[in-house]
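Examination of the molecular architecture
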Amino acid sequence: MHLTTYLGLADTGEQTLADSFRQVSSGHGDEPDVRELTERFADQCDEHRRLLAPLTERYGEHAEEEPERLHAEGLPGTRSGGVGLLRDLHDLYLLASYLDIAWTMVGQAARAVRDQELVDVVSTCEQDVQGQLAWLRTRMKAAAPQALVVG
Amino acid sequence: MTADRIADVWGTRTPMGPGAPWPQRVDQHLVDGLTDQDVDRWVQSACVLCSNGCGLDIAVRDDRMVGVRGRADDRVSHGRLGPKGLFGWQGQSRDRLLRPMVRRHGKLEETTWEDAMGVVVSRSRELLESRGPLSHAFYTSGQLMIEEYYTLAVIGKAGLGTPHMDGNTRLCTATAAAALKETFGTDGQPGSYTDLDHADAVFHYGHNVAETQTVLWARMLDRLEGSDPPRHVCVDPRRTAVAQRSDVHLAVRPGTNLALMNGLLREVIHRGWVDEEYVAAHTRGFDELVATVEPYTPSHVADICRVSARDLEAAAEIFGTSERIVSTVLQGFYQSHQATAASCQVNNLHLLRGMLGRPGAGILQMNGQPTAQNNRETGVDGDLSGFRNWENESHVRELAELWDVDPMKIPHWAPPTHAMQIMRYVEQGSIGLLWVAGTNPAVSLPDLERVRRILSSDSVLVVVNESFPNETTELADVVLPAALWGEKTGTFTNVDRTVHLSEQAVRPPGEARSDLDIWVDYARRMDLRDRSGRPIPRWETPEDAFDGWRDCSRGRPCDYSGMSYELLRGSPGIQWPCTEDAPTGTERIYTDHVFNTQDDYCETYGHDLLTGASTTPEQHRAARFDGRARLKAAEWTPAPDAPDEDYPLRLGTGRTVYHFHTRTKTGRAPELDAAAPEAWVEISPEDAEPLGVAEGDIVRVESRRGAIEVPARIAGVRPGAVFVPFHYGDVDKGDRPSRAANELTMSVWDPVSKQPAFKGGAVRVTRVRAGDGPAPAPPTTPSPEGA
Ligand code: SF4
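The structure presented is a predicted model; accordingly, all values stated were derived computationally and were not measured.

1. Notes on the overall build of chain B
Looking only at helices and strands, chain B has 27 helices and 27 strands in total. Looking at chain B as a whole, 68% of its 787 residues qualify as buried. Taking the contacts inside chain B whose residues are at least 6 apart along the sequence as the reference set, 75% of them involve residues at least 24 apart. Here chain B has roughly 24700 Å² of accessible surface; of this, 47% comes from carbon and sulfur atoms.

2. Looking at the interface of chain B and chain A
The parts lose accessible area when they come together, and the size of an interface is often stated as this lost area. Facing 22 residues of chain B, the contacting portion of chain A comprises 22 residues. For the pair chain B and chain A, the two sides together bury roughly 1800 Å², of which 56% comes from carbon and sulfur. When residues of chain B are sorted by the area they lose upon contact with chain A, Arg424, Thr611 and Trp749 of chain B head the list and together hold 24% of the total. Across the salt bridge formed by glutamate 31 of chain A and arginine 424 of chain B, the nearest N and O atoms sit 2.7 Å from each other. Taken together, the links from chain B to chain A amount to seven residue pairs in polar contact (both at pLDDT 80 or more).

3. Here we look at helix H21 (residues 448–455) of chain B
All names here are of chain B. Those residues of H21 that sit buried are Leu448, Arg450, Val451, Ile454 and Leu455. Around the axis of H21, the buried residues are gathered within 155° of arc, so they sit on the same side. Elements in contact with the buried residues of H21: helix H19 (419–428), strand S15 (433–437), helix H20 (441–444) and strand S16 (461–466).

4. Examining the side chain of arginine 388 of chain B
Residues and elements named next belong to chain B. Within the secondary structure layout, arginine 388 lies in the loop between helix H17 (372–378) and helix H18 (393–403). In this structure the side chain of arginine 388 is engaged in a polar contact, spanning 3.0 Å, whose partner is the backbone oxygen of serine 385. Setting aside anything within four residues of it in sequence, one finds arginine 388 in contact with His395, Glu398, Leu399, Cys552, Arg554, Arg556 and Glu603.

5. As for the packing of aromatic side chains
What characterises a pair of aromatic rings is the spacing of the ring centres plus the angle enclosed by the ring planes. All names here are of chain B. A full pass over the atoms with the stated rule returns 17 aromatic pairs over all chains. Seen in terms of ring centroids, phenylalanine 184 and phenylalanine 595 are 5.2 Å apart; in terms of plane orientation they differ by 35°. Their pairing is tilted. Of this pair, phenylalanine 184 sits in helix H5 (residues 174–184) while phenylalanine 595 sits in the loop between strand S20 (574–575) and helix H25 (617–623), and the two are 411 residues apart along the sequence. In this structure, phenylalanine 184 and phenylalanine 595 share a single accessibility class: buried. One aromatic cluster is present, formed by Tyr150, Trp539, Phe546, Trp549, Tyr560 and Tyr565 through successive ring pairs. Taking the ring centre of tryptophan 42 as reference, the NZ or CZ of arginine 69 above it sits at 3.8 Å. Here the guanidinium or amino end of arginine 238 rests over the ring plane of phenylalanine 723, the centre of that ring lying 3.5 Å away.

6. Observations regarding the UniProt feature "domain: 4Fe-4S Mo/W bis-MGD-type" (unreviewed entry) in chain B
The UniProt record annotates "domain: 4Fe-4S Mo/W bis-MGD-type" (unreviewed entry) at residues 40–96 of chain B. Helix makes up 9% of residues 40–96 of chain B and strand 35%, whereas the separation of the span's terminal C-alpha atoms amounts to 24 Å.

7. Here we look at the sheet that holds strand S2 (residues 41–46) of chain B
Residues and elements named next belong to chain B. Spatial strand order, S1-S4-S3-S2: four strands in an open sheet with antiparallel pairing. With one partner strand each, in any of the chains shown, strand S1 (28–30) and S2 form the two edges of the open sheet. Direction aside, neighbouring strands of the sheet carry axes that sit 25° apart on average. Pairing between strand S3 (residues 55–61) and strand S4 (residues 64–70): six bridges, direction antiparallel. When the bridges of S4 are listed, leucine 56 appears paired with glycine 70.

8. Comments concerning the site of the ligand
Residue and element names in this part refer to chain B. In the vicinity of the ligand, the contacting residues are Cys47, Leu49, Cys50, Asn52, Gly53, Cys54, Leu81, Gly82, Lys84, Gly85, Thr214 and Val215. For the shell around the ligand, the secondary structure elements donating two or more residues are helix H1 (83–87) and helix H8 (214–225). Tallied by class, the residues present in the shell around the ligand amount to six nonpolar, five polar and one charged.

Rules used throughout
- Residues numbered from 1 in each chain as written.
- Chains lettered and ligands numbered in written order.
- Predicted model: local features only at pLDDT ≥ 70, side-chain atom pairs only at ≥ 80, totals over all residues.
- Heavy atoms only, no water.
- Helix = DSSP H or I, 4+ residues; strand = E, 2+ residues; numbered from the N terminus.
- Buried < 20%, exposed > 50% of the residue type's maximum accessible area, 1.4 Å probe, protein only.
- Contact = heavy atoms within 4.5 Å.
- Areas by Shrake-Rupley, 256 points an atom, 1.4 Å probe, with all protein chains shown as cover.
- Buried area = accessible area lost by both parts, 1.4 Å probe.
- Salt bridge = Lys/Arg side-chain N within 4 Å of Asp/Glu carboxyl O.
- Polar contact = N/O pair within 3.5 Å; in protein donor to acceptor, adjacent residues only side chain to side chain.
- Arc of directions from axis to C-beta.
- Phe/Tyr/Trp six-rings, centres within 6.5 Å; stacked < 30°, edge-to-face > 60°.
- Lys NZ or Arg CZ within 6 Å of the ring centre and 35° of its normal.
- UniProt positions renumbered as here; feature names shortened; annotations may be inferred.
- Pairing = 2+ DSSP bridges.
- Axes fitted to C-alpha atoms, helices over the stretch in contact; angles between N-to-C directions.
- Near = heavy atom within 4 Å.
- Nonpolar A, V, L, I, M, F, W, Y, C, P; charged D, E, K, R; others polar.

Okay, here's the thing in structure tokens:
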């Protein structure tokens, strides 16, 4: 069953996103709102992995042969300055979107196998990742004019 | 005047029963033993030393202000004045800046207006050409007048096109505005001061009204001493005068307000005190609210907030069983962790019980400064003028038509830039002109070490309109001497929407000019023009500026369209909205319980209270608020900068009775200065004892950012928390250690209102040496119980 593959994917995605949030939090410590919220989002990602753990166990670790390797790279480091912040938030946005749609697919499969526990976990995680995306979008919209026009 | 109004802060009691008119009591102060016969003329005005805005007349003799007298018919004060109103204005006659100054070779030198404005205009032109309008920022105050704010708003938004405008109102009432907008759709105070005359319960949420708005507290005291007094509930970590008169005092642990509020809501819901019909008809979001507050049982809240579960239940019972409740909210909520979320819960409590829009049932999301409301209305806090929504294209078009400019010119592509973000852009070098007016950021912003570095940077020209030499003018590149209250004409609006006219009583000293004149001069020199080639702004006098504002406000909640200087002259104050249909103003808004949440009328579509993420217009439309209030909820999260072994205490900062802002005026008024000449720190006996700290000892208070040294007052503040008044700066410091509270505070802010969280950072206290007697704290400051 490929559901296990996707559970693994979501789990790795959460881990990558948590690491990247933490990287941005420490790399942009001079932006207090970014520092605080990315730290909180990283904790949210950890929590998602904790919620997911018993289910991954239940469905088994063994993944089917993947059609191709599915995974997104985390942030290698953070950049500096106004544009640097924007680029880093943009990268976080891409990672979070990747995870968002992964959860959507896991949620579909969870319904197909009528696994209410998994449906509930997915709904919590989806809601959170959508909150993260909404914040990233809001913050980037505010930062873009100054970063791109004045520098 | 006979009574010593420094010692007798609230004056003689004039008790009243519920629903009775508040008796008049005219307070007066004339200098030098003058009597009424010596006064040449009395000039109508109102006090500008807090958000109450008590109506008064200024006594003038030989072209000098010589006294003040409360206006008996004033709807706010009924003739009363507090110590600041009586004495504070005297500070205006000392140490004034008389001529413009420009920094040359590292030193400020006196010069002509022509030269100083030339420096400003040439930098402004050069920046507009090379980098565009986003290189300009304006940081103003809660102490200018409507005419000045609106003129600056038009210059900034229509003339230049910069989104970088904010006021120090960001530090004090941004959360009041944000909480009102989130719940009701727009800013605008639901309650009226007269509600206090009818109330049978008064809730104070982080609001030490006895010190911050003394005349308002006098009104409450008169009810407390009259027949059938209301019950009071106070949420405050300090045992303030308000707490001492309250039936329930919840000395909440700093950083946990939201948990407490969620607990109160849960009790009201579980004990069946919800007005279900009202909630169904006039609100949206009840089920989510119920789900969010469900975990906050009394015992859980008691654990988080360190208050007793029984007290929490008692407070909830008062809220649940009273018939006419007034709630007031101020910095204990606004400058704390999860500020907007906690303040919205006050609105929610009222909505659950249908407790607004009728006599005695009101919410006062308070202001601190006298004209903070106008900063918000006109849009100098960055919002669009007239509580318009920057995401609503038709609102932007209305303004574009009014100002006769291309809608594209009006900055509305993103939320306005808040003060802390403006400072960050200055720090990063992308803002090259920072214009500060009527405020002293080098004392009032958090993390002063950083603020000083930013203001002294070479990449920015700092222009300051000021009246006194202070910590900020010391760092400025251009200093423009500004006229003060009584030296210019203008209007302003207090916290319960009461508009007063303040007429010019005397000429400004030296070459000082009003901020209005300064900005019009700048605009003319810049040759700012609208699409038809007319100058921006189209006016030069205060009255014409007011008429301009009146047009801008038409049709919006803060509607001044029925008001004029003529109507205001001699009036007891007029509450907006004032229109053709309501020519004498409006005592209470939302009497029909239709709120301003319609898609095409609201000022904001709202935000996630935990992160500040915007609700999109589509999401807002889908939720179909259509005039129903938004019940917004959020879970409590632990506050940042948690105390640890190194920094075990939580710091609170705040205003005290004899001073205002950074003491620029009150520190120069002899009576007020003598009453509280120096800073202090309040610490509980429980925390002081193991540190070996006794009353009056000099202690060092340190955070991860800086340190101050001040005498200790052993006081009724909850264990684990300490309090430092925020007024004291270091302009005359020399070698002594600092006493400015903001050396300690952190650069963090609420995700929705962007108001800095001055309260709640971790600090440690160590004893330095013995003092020379008790701390210089006035007797109005909390003392340990029984002491
Ligand atoms: S209460 Fe406020 S407005 Fe009234 S006199 Fe005192 S300081 Fe002035």
